[in-house]
Amino acid sequence: MLYLEEINKIIIDNLKIDIPNNNDDKLFLELLHKEGVEKGLWNQNDKKGISTCVNLGIGSKYMHPNESLETKLFISKMHIWFLTFDNLIDYNSFDDESTEKLYKRTFNLIMDNKLPNNFSNIEEYYFFIFNEYRKKIGDDKELLNRFLYKISEYMQSLKPFNILSKMDSSIPIEIIRYIRNNNFGTTIFLPIIEIIHQDKKISSLIWWDQKLLKLLEISSYILGLINDLVSYEREIKGNNVSLNIFYIYQKKLNLSIKDSFEKIKNELLNSINEIKVLETELIEKYPKEINLGFYLNYLHQLIWGELQRSLNCNYYSSKDSIFFELKSHD
């Protein structure tokens, strides 16, 4: 039996983390679910809709512990877009004409801020979400352009990611790491936080600084490693493991499950140490940017929050799980 608490300890011991102490989970769930029903995203008693809200509630609690209920709901709207759109693409193939059409319609909807003809309920909700963000951004065109650019990067990563996922486990890890840089949506995260906290501006030069971009790349890789561990059982059962690094280490390097886990733990620690070096260099490079640390610490929270979300929702639990924390006893 393996223990994900070991991953949690590496993160807690090496990154600045805020432990949540609020308890607005029930109200969050009620409000988010109510809006989804009103917008036609799901029905009142739709179990999948309720499960989505519970999942987002858990994630919001750990990723954004110091935000107000209103702000958590605002952020969660974007997470709904991520989850629903990513699932629509994941469960379909770009070889399918309808999936390609869905992708293009959604891309144009977001970039042109215009609903397509004969729009669906989910397209109308996407339009609503991105309009909410545009309103919050206001007249800051630089922020809007950067936000849309990061959304575009993420969307354009989906097609190659979808193609790679159908290949065997001989895909080089360097390619997986590169494609995940945008596929995990980490680069979108900081513009979203800046949209919320426009009182904490930093120079636009920093957003394009190579050290920050490298830091975001490493953060995406860490999130990918966490996802590979918690989703391992589901992907094995679904025969969808070609991009799972935990699985690849077992097959390509002929490592045992335990040794593969140890290798990922070492990579996680090394990656976190790289982040800490880059953060120090960035702060030294921009000594007058008093709000820079706020965004760097928020990245820490995202990494830990994603692990906690995975551990505390039932999406990844299984009676056959090799991880103690994910083993269900149903």
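See the structure printed just above.
Before going into details, it helps to say that this report is about the structure given with it. Please read these numbers as outputs of a predicted model, since none were measured by experiment. Starting afresh in each chain, residues are numbered from 1 along the sequence in its written order. Confidence filtering applies because this is a predicted model: local features only for residues at pLDDT of at least 70, side-chain atom pairs given and counted only at 80 or more, and all residues used for totals across whole chains, interfaces and linings. Here the side-chain values reflect all heavy atoms present in the structure, with hydrogen atoms and water set aside.

Now for the overall build of the protein. A helix here means a DSSP run of H or I that spans at least four residues, while a strand means a run of E at least two residues long, and both kinds are numbered starting from the N terminus. Across its full length, the protein holds 15 helices and zero strands. Here the globule rule reads 2.2 Å times residues to the power 0.38, and the radius of gyration is calculated from C-alpha atoms. Taken against the 2.2 N^0.38 rule, which gives 20 Å for 330 residues, the C-alpha radius of gyration of the protein at 20 Å falls within 12% of a compact globule. Along the first, second and third principal axes, the C-alpha set of the protein runs to 50 × 50 × 40 Å. Burial statistics for the protein: of 330 residues in total, 54% are counted as buried. In what follows, residue pairs with any heavy atoms lying within 4.5 Å of each other are defined as contacts. Within the protein, contacts between residues at least 6 apart in sequence are counted, and of these 73% link residues at least 24 apart. Reported accessibility uses the Shrake-Rupley method at a 1.4 Å probe radius. Residues are deemed covered only where the shown protein chains occlude them. Taken as a whole, the protein presents about 16,100 Å² of accessible surface, with 51% of it coming from carbon and sulfur. Separation between the mean location of the 41 positive side-chain charges and that of the 47 negative ones in the protein comes to 1 Å. Only protein chains enter the accessibility calculation, which uses a 1.4 Å probe; a residue whose area is less than 20% of its type maximum is buried, one above 50% is exposed, and one in between is partly exposed. A residue counts as positive if it is Lys or Arg and as negative if it is Asp or Glu; His and the chain ends are not included. Every charge is mapped onto a representative atom, which is NZ of Lys, CZ of Arg, CG of Asp or CD of Glu.

Inspection of the secondary structure assignment puts L268 in helix α14 (residues 257-285). Overall, the relative accessible area of 2% leaves L268 in the buried class. Put simply, L268 and I226 are 42 residues apart on the chain and 8.9 Å apart in space, counted from C-alpha to C-alpha. Apart from residues lying up to four places away in sequence, L268 is in contact with I7, I10, I11, I222 and L225.

As a further point, take the packing of helix α2 (residues 25-38) against helix α3 (residues 47-63). Here an angle of 0 to 180 degrees is reported between the N-to-C directions of two axes, which are lines fitted to C-alpha atoms, with helices fitted over the stretch in contact. Axis separation between α2 and α3 bottoms out at 9 Å; the angle between their running directions is 135 degrees. Classified by the interaxial angle, the pair formed by α2 and α3 is oblique. Crossing of α2 over α3 shows right-handed handedness. Contact residues: D25, F28, L29, L32 and H33 in α2; G49, I50, C53, V54, L56, G57, S60 and K61 in α3. By the convention adopted, Pro, Cys, Tyr, Trp, Phe, Met, Ile, Leu, Val and Ala count as nonpolar, Lys, Arg, Asp and Glu as charged, and the other residues, Gly among them, as polar. Partitioned by chemical class, the residues of the contact of α2 with α3 number seven nonpolar, four polar and two charged. Under this scheme an angle from 65 to 115 degrees is roughly perpendicular, one under 35 degrees roughly parallel, and one over 145 degrees roughly antiparallel; angles in between are oblique. Crossing handedness is defined as follows: a turn of the near helix away from the far one that is anticlockwise and smaller than a right angle gives a left-handed crossing, while the clockwise case is right-handed.

A water-sized probe rolled over the atoms picks out the places where empty space is left. Using a grid of 1 Å spacing that covers the protein atoms alone, one calls a set of points a cavity when a 1.4 Å probe fits there but cannot get out, and a pocket when the set is open and has protein on both sides within 12 Å along at least five of seven lines; lining residues are those with an atom within 4 Å of a point. Grid points are joined across faces, edges and corners, and a volume is the space filled by probe spheres set on the points. Size it by volume and the second largest pocket reaches roughly 180 Å³. The wall of the second largest pocket is formed by K16, D18, M63, H64, P65, N66, E67, H197, F294, N297, Y298 and Q301. If you tally residues by element for the lining of the second largest pocket, the top one is helix α15 (residues 292-312), at four residues. Counted by class, the lining of the second largest pocket contains four nonpolar, five polar and three charged residues.

We define a salt bridge as a contact between a side-chain nitrogen of Lys or Arg and a carboxyl oxygen of Asp or Glu at a distance within 4 Å. Evaluated as defined, the whole model comprises 22 salt bridges. When salt bridges with common partners are traced through the structure, they connect D140, E142, R146, E194 and K201 into a single cluster.

Evaluation of the coordinates by the stated rule reveals two cavities of 30 Å³ or more. Approximately 50 Å³ is the volume found for the largest cavity. If you list the elements that add at least two residues to the lining of the largest cavity, you get α7 (141-164), α9 (186-196) and α11 (210-230). In terms of residues, the lining of the largest cavity owes the most to one element, α9, which gives three residues. Of the residues that constitute the lining of the largest cavity, the class distribution is five nonpolar, one polar and two charged.

In this text, buried Ala, Val, Leu, Ile, Met, Phe, Trp, Tyr and Cys residues form a nonpolar core when linked through side-chain atoms within 4.5 Å. Ranked by size, the top nonpolar core spans 103 residues in total, and within it I11, M78, W81 and F147 carry the most contacts. No other element matches α11, which puts 11 residues into this core. Leaving out residues up to four positions away in the same chain, M78 has contacts with I129, F130, Y133, F147, I151 and I192.

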